[in-house]
Amino acid sequence: MSIDSATSVPQKLRPREAVERMHEYHPPLAGRDGLRLDFNENTFAPSPRVQAVLQRIAADTLTKYPERHHVERIVAEHFDLAEEAVLLTNGVDEAIHLLCETYLEPQHEVVIVTPTFSMYALYAEATGARIREVQADSTLQFPYQRVQEAIGPNTRVIMLASPNNPTGAVVETSFLLELAAAAPQAALLVDEAYYHFHGESVLSVTATVPNLFVARTFSKAYGLAGLRIGLLVGHPDAMRFVRKVSSPYNVNSVALECLPEALADEAYISWYAEQVLQSRTAAERVLTQLKVPYWPSHANFILMNIGGKHKAFVDALRRQDVLVRDRSSDPGCDGCVRITLGTIEHTERGLIALQNALKEIQWQPES
Ligand code: PMP
């Protein structure tokens, strides 16, 4: 039977209603040649110690199913956590998916703040749960009071990124703790994907707060986005259930070999984070000089408002081989473009291209 005739068969197989209804997510990945300032990745490289591991991985490693547990022990020790509190995941994406799978029924509600990382809504939608989106106001700061008001008896999952993507805004630790206490029936996920560029964390608090979860990624500061490795931390009593829905082989062997060295090379991560912080200062200075409105960021990117010419701006940068991300279709982000900050050298290249692009499109600050 040919593939064509197979697809022309009347479709009797229906997905779950929630899956039929859910949005699709298509990140603009095609090609991505050039200076990649579009996905908030490390623009440089992983630690040289990780590169050395990659050189010596034996083919034998690939014939075996991956064993995550001994690496989880190393991770727990590194972060001073109980081993049962730690689950390595296939990126933070999987951590979000697992939490939604563990806690959500269709009659439940999920609270998120918009604009934010797309995967919260996507995985929550797939369960059929109702999503309550709390829109930030024009400052794009975290809307504390309205988040509190959105929580109700049916709230079962709350997902917040601090720093948030694409805004760069953070949530105060005291509020996170109050929220966890005020909604004990809900899993509160604090996504600390951009932790290294901010420095505040509630990771250690997970040991004493039964409904608090923290996610960390190795895709950003560590430069391992292609390996797909992340970390979910929660109270051991709660993690027991999350672990039940995870595949025992969710993290691949190459990622597991690399992770201990990536963690051990703290000097490399400090160096990279420092490069980003200096880049952030440089970028803010240039945007201020050019009168381009932007939101103060605690992460390795800045969201700026280019206005009506946002698409022409992104295209003009692409012609100079610099990729940035058009975020103008995010809620409350009309005209916005996000630029990743990497090493100082890469950021300087990006900022020169940015100035050229603004000239080319004859951009004027809005009065
Ligand atoms: N969380 C946030 C807030 C992000 O912005 C991103 C990536 N853009 C992720 C998680 C994804 O992390 P990972 O690559 O570990 O799936």
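Bear in mind that the values here come from a model prediction, so they are computed numbers and not experimental data.

Let's talk about the overall build of the chain
Helix and strand counts for the chain stand at 14 helices and 13 strands. In terms of C-alpha radius of gyration, the chain reaches 21 Å, essentially the compact-globule figure of 21 Å for 367 residues. With respect to the three principal axes, the spread of C-alpha positions in the chain is 60 × 55 × 50 Å. Considering the chain as a whole, with its 367 residues, one finds that 53% of them fall into the buried category. Sequence separation of 24 or more characterises 72% of the internal contacts of the chain that already satisfy a separation of 6 or more. With 33 positive and 44 negative side-chain charges, the chain shows a separation of 4 Å between the mean positions of the two kinds.

Re the pairing of strand 5 (residues 155–161)
Burial analysis of strand 5 places 6 of its 7 residues in the buried class, the great majority of the element. Pairing geometry for strand 3 (residues 109–114) and strand 5, over 4 bridges, is parallel. Of the residues in strand 5, the one forming a bridge with Glu109 is Thr155. Relative to strand 6 (residues 187–191), strand 5 runs parallel, the two being bridged by 5 bridges. By the bridge assignment for strand 6, Val157 is matched with Ala187. In the classification by handedness, the crossover that spans strand 5, the intervening helix 9 (residues 173–182) and the parallel strand 6 is right-handed.

A word on the pairing of strand 8 (residues 230–234)
Counting buried residues along strand 8, 5 of its 5 residues qualify, which places the element largely inside the surrounding structure. What you see with strand 8 is no split at all: Gly230, Leu232 and Gly234 on one side and Leu231 and Val233 on the other are buried throughout. Across 4 bridges, strand 2 (residues 86–89) lies against strand 8 in antiparallel orientation. Bridge pairing in strand 8 places Leu88 opposite Leu231. Inspection of the sheet shows strand 7 (residues 212–217) paired to strand 8 by 5 bridges, in the antiparallel sense. Bridging across to strand 8, Val214 finds its partner in Val233.

Things to note about the site of the ligand
Close to the ligand lie 14 residues, the nearest being Val92, Asp191, Tyr194, Thr217 and Ser219. Taking Thr217, its side chain carries an N or O atom lying 2.5 Å from an oxygen atom of the ligand. For the ligand, whose free accessible area comes to 400 Å², the fraction covered by protein is 91%. When residues of the shell around the ligand are assigned to their parent elements, the largest contribution, 3 residues, is made by helix 6 (residues 91–103). When grouped by side-chain class, the residues that make up the shell around the ligand number 6 nonpolar, 4 polar and 4 charged.

Topic: the packing of aromatic side chains
Per the counting criterion, the structure on display carries 11 aromatic pairs. Centre to centre, the rings of Phe142 and Tyr144 are 4.9 Å apart; their planes meet at 75°, and the pair counts as edge-to-face. A residue is classified by how much of its surface remains accessible, and Tyr144, at 27% relative accessible area, is partly exposed. Put simply, the rings of Phe44, Tyr268, Trp271 and Tyr272 pair up and form one aromatic cluster. The ring of Phe39 carries the charged tip of Arg325 above its face, separated from the ring centre by 4.8 Å. Arg338 extends its terminal NZ or CZ atom over the ring of Phe301, reaching a point 5.8 Å from the ring centre.

Regarding the nonpolar core
Soluble, globular proteins show a tendency: their nonpolar side chains are buried together. Counting 86 residues, the largest nonpolar core has Val75, Leu88, Ile158, Met304 and Phe313 as the members making the most contacts within it. Take this core: its biggest share by element is 9 residues, from helix 12 (residues 266–290). Counting residues in each nonpolar core, the second largest holds 30 residues, with Tyr123, Ala187, Ala238 and Val242 among its members.

Observations regarding the sheet that holds strand 9 (residues 294–295)
Pairing is antiparallel in the open sheet, where 4 strands are placed in the order 9-10-13-12. Of all the strands in the sheet, just strand 9 and strand 12 (325–326) have a single pairing partner and so form its edges. For strand 9 and strand 10 (residues 301–305), the ladder comprises 2 bridges, and the chain directions are antiparallel. Note that in strand 10 the partner of Trp295 across the bridge is Leu303. Across the sheet, helix 12 lies against strand 9 and strand 10, angled at about 10° from strand 10, the strand it touches most.

Things to note about the environment of Glu133
Structurally, Glu133 is set in strand 4 (residues 130–135). When the C-alpha positions of Glu133 and Val113 are compared, they lie 5.5 Å apart, and in sequence the two are 20 residues distant. Excluding residues within four positions of it along the chain, Glu133 makes contact with Ile112 and Thr114.

Focus: the domain arrangement of the chain
Domain annotation of the chain identifies domain 1 (17–42 + 267–360) and domain 2 (51–265). When each unit is reduced to the centre of its C-alpha atoms, the spacing between domain 1 and domain 2 is 24 Å. Taken residue by residue, the interface counts 33 residues in domain 1 and 31 residues in domain 2. Between domain 1 and domain 2, a total of about 2600 Å² is buried, with carbon and sulfur atoms accounting for 61% of that surface. For the domain 1 face of the interface with domain 2, the top three residues by lost area are Tyr25, Ile269 and His298, together amounting to 24%. Scanning the region where domain 1 abuts domain 2 turns up 0 salt bridges.

Brief notes about the environment of Leu88
Within the secondary structure layout, Leu88 lies in strand 2. Note on Leu88: relative accessible area 0%, which makes it buried. Along the primary structure Leu88 and Pro46 are separated by 42 residues, whereas in three dimensions their C-alpha atoms are 19 Å apart. Other than its neighbours up to four places away in sequence, Leu88 contacts Arg68, Val71, Glu72, Val75, Ile229, Gly230, Leu231, Asn250, Val251, Leu256 and Leu259.

Conventions used here
- Numbering of residues starts from 1 in every chain and runs along the sequence as written.
- The model is predicted, so local features are restricted to residues of pLDDT at least 70 and side-chain atom pairs to those at 80 or more, both for listing and for counting; the totals for chains, interfaces and linings are taken over all residues.
- The side-chain numbers reported here are obtained from all heavy atoms of the structure, hydrogens and water having been left aside.
- Working definition: helices are DSSP H or I runs of at least four residues, strands are E runs of at least two. Numbering for both runs from the N terminus.
- C-alpha atoms define the radius of gyration in this analysis, and the globule rule sets the expected value at 2.2 Å times the number of residues to the power 0.38.
- A simple rule labels every residue: compare its accessible area, found with a 1.4 Å probe on the protein chains alone, to the largest value its type can have, and call it buried under 20%, exposed over 50%, or partly exposed in between.
- Whether two residues are in contact is decided by their heavy atoms: any pair within 4.5 Å suffices.
- Residues counted as positive are Lys and Arg, residues counted as negative are Asp and Glu, and His and the chain ends are not counted.
- For the purpose of locating charges, the reference atoms are NZ of Lys, CZ of Arg, CG of Asp and CD of Glu.
- In this scheme, strands are said to pair when DSSP sees at least two bridges between them.
- Orienting the strands away from the viewer, one traces the path from the first strand over the helix to the second; a clockwise path indicates a right-handed crossover.
- Nearness is defined per residue: one heavy atom within 4 Å of the molecule or strand is enough.
- Pairing of N or O atoms within 3.5 Å defines a polar contact, subject to two protein rules: one partner must be a possible hydrogen donor and the other a possible acceptor, and residues neighboring in sequence count only if both atoms are side-chain atoms.
- For accessible areas, the Shrake-Rupley method is used with a probe of radius 1.4 Å. Any residue's cover is judged against the shown protein chains and nothing else.
- Each residue gets one label: Ala, Val, Leu, Ile, Met, Phe, Trp, Tyr, Cys and Pro are nonpolar, Asp, Glu, Lys and Arg are charged, and the others, such as Gly, are polar.
- Geometry of aromatic contacts follows a simple scheme: Phe, Tyr and Trp rings, the Trp one being its six-membered ring, pair when their centres are within 6.5 Å, and the pair is stacked under 30 degrees between planes, edge-to-face over 60, tilted otherwise.
- Our definition puts a charge over a ring when NZ of Lys or CZ of Arg is within 6 Å of the ring centre and also within 35 degrees of the ring normal.
- Residues belong to a common nonpolar core when they are buried Ala, Val, Leu, Ile, Met, Phe, Trp, Tyr or Cys residues joined through side-chain atoms within 4.5 Å.
- Here the axes come from fitting lines to C-alpha atoms, over the contacting stretch only for helices, and the angles between their N-to-C directions go from 0 to 180 degrees.
- Where each domain starts and ends comes from a domain assignment, either automatic or drawn from a database.
- The buried area of a pairing is the accessible area, by a 1.4 Å probe, that goes missing from both parts when the two are put together, added over both.
- When a carboxyl oxygen of Asp or Glu lies within 4 Å of a side-chain nitrogen of Lys or Arg, that pair is called a salt bridge.

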